[in-house]
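Each chain, letter by letter, is given below.
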Amino acid sequence: MLQQVLRVSAIGIAAIVAGYVVMLGLTWVGSPTLTLDRVLSLGTDQYASALTIGAIYALIALGYTMVYGIIELINFAHGDVFMVGAFVAYLVLSSLGLRGAITDIPTLIGVIVLALIVSMVLIGILGVVIERFAYRPLRNAPRLAPLITAIGVSFILQNVVQVLISNSPVPTPQLISLEWRFGFLGASIAYLNVFIFLVAVLLMIGLQLFVGATRLGRAMRSTAQDREAAQLMGVDINLTIATTFFIGSALAGAGGVVYGLFKGSIVFNLGFDTGLKAFTAAVLGGIGNTAGAALGGFMIGFIQVAAVVTGYSRWQQALIFAVLILVLVFRPSGLLGQQIGERA
Amino acid sequence: MTATGDNVLVARSITKRFGGLVALREIAFTIPRGSIVSLIGPNGAGKTTFFNVVAGLTPPTAGSVELGGMRLIAPAARAWLEPLIWFVPPLLVIFIGTLTSGGNIQLVAVWGLLALLLATLILPTAMARPPWYEAGVHRLGILRNARPNDIVRAGIGRTFQNIRLFKNMSTLENVLVGMHLKLKSNPFDVLLSTPRQRAEEAEARTKAREYLALVGLQGRDRTLARNLPYGDQRRLELARALACEPILLLLDEPTAGMNPRETAEMTALIGRLRSELGVTVLLIEHDMRVVMGISDRITVLDHGEWIAEGTPEEIRRNPRVIEAYLGAAPP
Amino acid sequence: MSEPQPDRGQTAANPRATDARGIGWAERAFVFLHRHRSLSIIGSMALVTAALPFIVLVPPLSGFNAQTVWIDSFSGAGVYILLALGLNVVVGLAGLLDLGYAAFFAIGAYSYAILASSFYGLHVPFWPMLILGAVVAALFGIALGAPTLRLRGDYLAIVTLGFGEIVPVVFTNSDDLTNGTNGISGVDRPSLPGLAFTANPLPFYVTMAIMLTVVFILLYRLHDSRLGRAWMAIREDELAAASSGINTITTKLLAFALGATTAGLAGVFAAARLVFVSPDQFLFTVSFTVLAMVVLGGMGNIWGVAVGAFVIFITQTVLLKQLTNFLRPLDIPFISQIDFLQYQFLLFGIALVAMMLLRPEGLFPSTRRQRELHTTQAETEELWSPDEAQEPLA
């Protein structure tokens, strides 16, 4: 077990370092006229962004992949659940009268933890409610039915936020100021990026521990493998599925909170775009595979920023999908997905 | 497609590995024309895997299969050559385009689009593997496994261990699908509803009804396959397999789950297939009465290995077979 | 079900009908129409096309819109009906979940806009462009379908979704070729000697009706053919289909190609009608709306899908808009205050969820799917005499 942890960490660190080098290279390619200094500072900044936005995509992707793994449903409403999470955090923070950066560390931590807890719990509950009323009745219906319902729910969520809160982008307080930075290899990195990255990694580790070591986690894994057998073994399917939705949605809620902190602005149709990228990440990594979702999330974040840095920002979306399609052509089950052999 | 010589099927040294597990080890097999051969063995012996290899559903790790003298299943040779065929023409076009455009971006773009168009035409054609493409590929010495539908075209029909009917299509439609390769209409004929197409459809329906009558399902054209009782579903699957007019029929446990009366009927039906239609049959069976009653020859597998082959009498007395089924023989 | 009552020819479709001979007249009519199918299609389409402009003169429909506006929306509805029919082949018949269908719609529209507008100064006439646009769309259907062939159902969905996103992005960013976000305006209208396609929506309406009639006839023919059965077989069990001799690759590509053809037709028509194309006419909302039309109308059922598309389109574009104006003067407390237009998507979403929960097989399911979902066992075999059943349908 320890060996596995060490191995994964080693691979992770190697990947991060490799990504950093590539990003620096791309920055130089994108703007060849810059001095080495500037390349370093711009590249580092962008890479930190890539890791941050990648972490957010990973958090959302986990929800997609967990739900798909357990009931084979593409939960189109998941992106909008993330969006609601961002708005919930906004409401919490603005009701506390907060507008900008907080410099007092204990207060800062307290406020962020509060926002995270409130958002994660509420959004987790939202996920469970959606599952209970929109998906559970359709568990035995043909596959397209819950898909349509999911999109219907997506419309409902978007419209409710649009009407109740605002039609246009809403500024969110960036509690951790982007000015707060520390030096690194001649450039500087914002604490905010590190913070978000750590929050995401901690949550992902927590998820792995939960799924791997607890009874409910085992129930989730066995239901994903073979629902009938799990039921025969005494697993409460409804509870297991509800838990999956709770956890997945809670993670998306956390993603929403940190997104607001990072970008400083949220809007009602945020869920569609971000959700689509996160879903692509989940598929890229192999849908149903949590490690794949994390990997996919960071890859998509990287591609997105790489596109910006090399001047192809307009082609972001197209590039992301092009990568996905290429990967699927050569590995039809995603990067880490199991190859499905033909069995008669 | 006639079999050269006496053998309809020749399997040479078929080996199939799934990761570390050896499902089949150097199985060699010949099936003479007009015979009924049974493949038996304890569960997990590799019988269905063998079927899947012969039917083109899964490639063997090694070994080859010939049907009627044609090598259908074989380990790949020069497989790397094929992607070259696909990608070289478009790349050539781009290359020529860049050379002759003299830096004019618009012109290069046009050549690029042409290359893309070429790729769009070549790739799906290659994936579809029409007969003329296959012929060309063979001429270049490229060998790869035939696809299931090519196997059917070569004359093998099969049924499945866990009945794979088209559940929401009617009985008649299931058989009509089986006749897919025997019908010649193409999309244009269909869209224009030419007299030829209509005549062909009418004949097809008549023929399909004949197959249904042959297996005892007459008069139930419009019943959905999912609403048929179990025994009838197996018979429908048989009719569908017969509809492709196979030289060799692979039947995977055709009497599984049937009561004694149905089993006897099915066994008699299989016998009639050989006598009336001249079909050669390879069958996987667990019911020893069926096996002993109808087979000309029996091959026995255990844990992926060939352990015996011979007439029913010989097999009944073979000590290795007894051991495989019943455990070590008493001293 | 208890059996002592005499059989009055009840069927799942018509539980009560009988006539003197004990066989439902509705069933007899159905059999007759089915045998002379092309004629019935032409007849009913002619009837509907002629009747609609008069039906909208009746209140309250007349209160919603003027007759010309209604007729114009019917042309618009026709575009979506074409789209839904095409997607029905891909999703309903062949079982390939295409979430990016708008891409082919866009390709058809842009082909026409590029080749027949003031943008490049090319003016290929409308009528041949219909064929050309359809062919171009079909080629792209094959091109975009090819990468999906080895993928499992949901992966196929995401890849098609991807293409549905990529195509508008390409159009947006290729300023030289497509004028980018500004779109191409000044697209040519169709022209016939002696007939002007200008502000009067009637010629467009009639053209669409004719296009639909032709497409219906062709689709019904495909449905009952070797190809249609091959599609259904693939949908039911791809492995068994391949093992029955079906070349799944070719068959799937044909499904994509034929589906795309209809979208191409719709695209050319839509571009000519709106005289303007831009990338945001072809976003995911369009792909999804068409999918919803197919599912809600009754997947696999040709006329069901058409009616479903018509109903949804008219509801969205006409009724919702006019509902506000209609209810406001009535002064119902709270309800009259609502601006329904704002809540368009909310209502659409609620309707979708409700529909799926109550009737997942759609409004007009093909009898197959109804059996699939509610397992009824009606059979009307006595109506089909042996020699009638021999003859394939026209």
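All chains use their own residue numbering, which begins from 1 and follows the written sequence. Lettering for chains starts from A, numbering for ligands starts from 1, and both go in the order in which the items are written. Local features are withheld for residues below a pLDDT of 70 in this predicted model, meaning they are given only at 70 or higher, and side-chain atom pairs are given and counted only at 80 or more; totals for whole chains, interfaces and linings count all residues.

1. Structural notes on the nonpolar core
To define a nonpolar core, we join buried Ala, Val, Leu, Ile, Met, Phe, Trp, Tyr and Cys residues through C-beta atoms within 7 Å and take the resulting set. Think of it as a crowd count around each C-beta: if 20 or more other C-beta atoms lie within 10 Å the residue is buried, if 12 or fewer it is exposed, and in between it is partly exposed, with C-beta placed from the backbone throughout. By size, the foremost hydrophobic cluster in this structure holds 308 residues, and its most contacted members are A:Ala58, A:Leu59, C:Leu83, C:Ala84 and C:Phe105. Strands are runs of DSSP state E lasting at least 2 residues, helices are runs of H or I lasting at least 4, and numbering of each runs from the N terminus. The element contributing the most residues to this core is helix 2 (residues 36-71) of chain A, with 20 residues. By the convention adopted here, residues make contact when the C-beta atoms placed from their backbones lie within 7 Å. With residues near it in sequence (within four places) discarded, A:Ala58 still touches A:Ala200, A:Met204, A:Ala281, A:Ala293, A:Ala294, A:Gly297 and A:Phe298.

2. Focus on the pairing of strand 7 (residues 248-252) of chain B
Each regular strand carries side chains that alternate between the two faces of the sheet. All names here are of chain B. Burial within strand 7 is extensive, with five of its five residues counted as buried. Where burial is concerned, the two faces of strand 7 agree: the one with Leu-248, Leu-250 and Asp-252 and the one with Leu-249 and Leu-251 are both buried. Strand pairing follows a simple DSSP-based rule, namely that at least 2 bridges must link the two strands. Note: strand 6 (residues 156-158) against strand 7, three bridges, orientation parallel. In the sheet register, Arg-158 faces strand 7, and the bridge partner there is Leu-250. Inspection of the sheet shows strand 7 paired to strand 8 (residues 280-284) by five bridges, in the parallel sense.

3. Focus: the domain arrangement of chain B
According to the domain assignment, chain B consists of domain 1 (81-139) and domain 2 (167-230). If you average the C-alpha positions of domain 1 of chain B and of domain 2 of chain B, the two centres end up 40 Å apart. Domain segmentation is taken from an automatic or database assignment of domains.

4. Regarding the packing of helix 5 (residues 102-115) of chain C against helix 6 (residues 126-145) of chain C
Residue and element names in this part refer to chain C. With their axes 9 Å apart at the nearest point, helix 5 and helix 6 run at an angle of 140° to one another. Taken as axis vectors, helix 5 and helix 6 run oblique relative to one another. The interaxial crossing formed by helix 5 with helix 6 has right-handed handedness. Residues Ala-103, Phe-104, Ile-107, Gly-108, Ser-111, Tyr-112 and Leu-115 of helix 5 lie in contact with helix 6, whose contacting residues are Met-129, Leu-132, Gly-133, Val-136, Ala-137, Phe-140, Gly-141 and Leu-144. Just so you know the grouping, Ala, Val, Leu, Ile, Met, Phe, Trp, Tyr, Cys and Pro go in nonpolar, Asp, Glu, Lys and Arg go in charged, and all remaining residues, Gly too, go in polar. Of the residues contributing to the contact of helix 5 with helix 6, the split by class is 11 nonpolar, four polar and no charged. The axes used here are C-alpha line fits, helices contributing only the stretch in contact, and every angle between their N-to-C directions lies in the interval 0 to 180 degrees. When an angle is under 35 degrees it counts as roughly parallel; over 145 it counts as roughly antiparallel; between 65 and 115 it counts as roughly perpendicular; any other value is oblique. In this scheme the handedness of a crossing depends on how the near helix is turned from the far one: anticlockwise by less than a right angle means left-handed, clockwise means right-handed.

5. Description of the environment of C:Phe288
Residue and element names in this part refer to chain C. Examined against the element boundaries, Phe-288 turns out to sit in helix 13 (residues 284-297). Here Phe-288 falls in the buried class, since 24 other C-beta atoms lie within 10 Å of it. Placed 187 residues apart in sequence, Phe-288 and Tyr-101 show a C-alpha to C-alpha distance of 8.4 Å.

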